[in-house]
Amino acid sequence: MSGGGAEEEANLEFTPTWVVAAVCTVIVAISLAAERFLHYGGKFLKNKNQKPLYEALQKIKEELMLLGFISLLLTVSQNGITKICVPPSVTRHMLPCSLDEKEKVTVEHLLGQDRFHFERFFSFPRRLLAETQGTETETHALAKTEFCARKNKVPLLSVEALHHLHIFIFVLAVVHVTFSVLTVIFGGARIRQWKHWEDSIAKQNYETDQVLKRKVVDVQQHDFIKGRFSGFGKDSAIVGWLKSFFKQFYGSVTKSDYVTLRHGFIMTHCKANPKFNFHKYMIRALEDDFKQVVGISWYLWVFVVIFLLLNINGWHTYFWIAFIPFILLLAVGTKLEHVITQLAHEVAEKHAAIEGELVVQPSDDHFWFHRPHFVLFLIHFILFQNAFEIAFFFWIWVTYGFDSCIMGQVCYIVPRLIIGVFIQVLCSYSTLPLYAIVTQMGTHFKAAIFREHVQVRLAGWAQEAKKKKGVKADSQAGEGSSHAVAGIQLGSVFQKRASAAEDGASVPKVEGSAE
């Protein structure tokens, strides 16, 4: 007898050693190649002094390690999970597909098997082999369910379903990391297009006549004010929000916006260094934020679990949930545009004419919950949710087919794909660049304002100051002294209002109170 089902189902005891060795060699080679690729990628980023991107790469390694642990956990616990037995009635509720669909698939499968056995029945020399294979297949299937069948119950989760879940988690993580990298690459490329604006400003700063020549200008004639606070409905809040909504789709950031926001940042945080390279600072700050965007936080996994719970037949959860990142993205883009409009509104109301450059006043009050960093949290959620939608679609397509009951009707599929592509393009083209510049208009600056070696020195200085503070506090505790001890923390140096910049910047004056 030439093989058949017995050989296909053979365990490791009856598998040729050359097969085991060959499979192990391929798996280990691929794993080592991937590990070496990440290793040399990290060395390349280090040599290029790209510490934020290197930390983002480390974050990707952490996600891969987490996926490996999840894979190991699912593999080890597979037998235990499949032996958890429940009454059949429990598995008939909250199904992604109706039981009618299941019966239809089962009937089609059985008809296919009957036709297969009918054809082989008339091939007499192979009849015994077919019967043997059928018996072995039935025996193997019964072996998986006989534990629960003895109790008149069914497994909580089948081996096949567990395997599909395993693949879905892996696909989700890979798609999320890929989409996040693409978003930052394309968004960063658009931000780098602003470099010629920075270069033109730097060139003007070197021209002495232009620097010394300060003239009085009508505020209403300034390009920034004309672009953001002029025309119909300039005093209407509703019209202002509508303009901000449509502004994110075209010319989200103009040269006058960049010049004015840049000048406001420098005059607030590093007034002593008018030649501060604001564009380079933005790029470093975006790279710092990238390591947070590329990761999968615990609350994102909670969202995945909630979606899997609510993916019930007839609810079309996968369709309605696609509108969550869509609406959030439009809201974030509108809010960021409206922050620029508010800055223009404040200047236009306070001044009729100004001497020199227009100066806006950065403030956390313009942002949701007075936290500019909250916008990054929303962008992180939007990118993950969009990646989840795309990953879920392709996973269902490859695993169950395009006609699967989970996939749904075409009228639900096409809008999901269109929304997913729209979110990816808009976030890269408009929202991420807006985030990079507008969130600099908060009360505090980011750690990226300092060069790397300065950050290291400040960290050491802050640690020493913290230790001295603790020693001094202990010595005064016994005497009952009520003197306040000035504490300097690294977070204060990076977060509080200050005026420090790159080479040539003055040391910031740190506020004494903690945030």
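Keep in mind the model is a prediction, meaning the values are calculated, not measured.

Caption draft 1: The nonpolar core, seen in detail. Formed by 62 residues in total, the largest nonpolar core has its most connected members in F265 and I437. If we skip the residues at most four places from it in the chain, F265 touches C270, F276, F278, Y281, Q440, M441, F445 and I449.

Caption draft 2: A look at the packing of helix α7 (residues 159-192) against helix α18 (residues 410-438). Remark: α7 packs on α18, axes separated minimally by 8 Å, with the N-to-C direction vectors making an angle of 60°. Classified by the angle their axes make, α7 and α18 are oblique. Classified by chirality, the crossing of α18 by α7 is right-handed. Side by side, α7 and α18 meet where F179, L182, T183, V184, F186, G187, R190 and I191 of the first sit next to Q424, C427, S428, Y429, L432, P433 and A436 of the second. Across the contact of α7 with α18, the residue classes tally to ten nonpolar, four polar and one charged.

Caption draft 3: Quick look at empty space enclosed by the protein. One pass over the full model with this rule turns up one cavity of 30 Å³ or more. Space inside the largest cavity adds up to approximately 40 Å³. In this structure, the largest cavity is lined by V184, L286, D289, F290, V293, L376, I379, L432 and Y435. Sorting the residues of the lining of the largest cavity by element identifies α13 (278-293), α17 (373-400) and α18 as the ones contributing at least two each. Ranked by residues supplied to the lining of the largest cavity, first place goes to α13 with four residues. Of the residues that constitute the lining of the largest cavity, the class distribution is eight nonpolar, no polar and one charged.

Caption draft 4: Region of the structure containing the environment of H196. The topology assignment puts H196 in helix α8 (residues 195-206). Of the residues examined, H196 reaches a relative accessible area of 48% and is grouped as partly exposed. Here the alpha-carbon distance between H196 and H279, two residues 83 residues apart in the chain, equals 9.7 Å. Within the local environment of H196, its side chain forms a polar contact with the side chain of W197, the two groups lying 2.9 Å apart.

Caption draft 5: Here's a closer look at the packing of aromatic side chains. Here the structure, examined in full by the defined rule, presents 35 aromatic pairs. For the ring pair F168 and F392, a centre distance of 5.9 Å and an interplane angle of 90° mean the geometry is edge-to-face. In this pair, F168 is assigned in helix α7 and F392 in helix α17, connecting sequence segments 224 residues apart. Under the relative-accessibility criterion, F392 is labelled buried at 3%.

Quick notes on the rules
- Residues numbered from 1 in each chain as written.
- Predicted model: local features only at pLDDT ≥ 70, side-chain atom pairs only at ≥ 80, totals over all residues.
- Heavy atoms only, no water.
- Core = buried A, V, L, I, M, F, W, Y, C linked by side-chain atoms within 4.5 Å.
- Buried < 20%, exposed > 50% of the residue type's maximum accessible area, 1.4 Å probe, protein only.
- Contact = heavy atoms within 4.5 Å.
- Axes fitted to C-alpha atoms, helices over the stretch in contact; angles between N-to-C directions.
- Helix = DSSP H or I, 4+ residues; strand = E, 2+ residues; numbered from the N terminus.
- Parallel < 35°, antiparallel > 145°, perpendicular 65-115°, else oblique.
- Left-handed = near helix turned anticlockwise from the far one by under 90°.
- Nonpolar A, V, L, I, M, F, W, Y, C, P; charged D, E, K, R; others polar.
- 1 Å grid on protein atoms, 1.4 Å probe; cavity = no way out; pocket = protein on both sides within 12 Å on 5 of 7 lines; lining within 4 Å.
- Points joined across faces, edges and corners; volume = space filled by probe spheres on them.
- Polar contact = N/O pair within 3.5 Å; in protein donor to acceptor, adjacent residues only side chain to side chain.
- Phe/Tyr/Trp six-rings, centres within 6.5 Å; stacked < 30°, edge-to-face > 60°.

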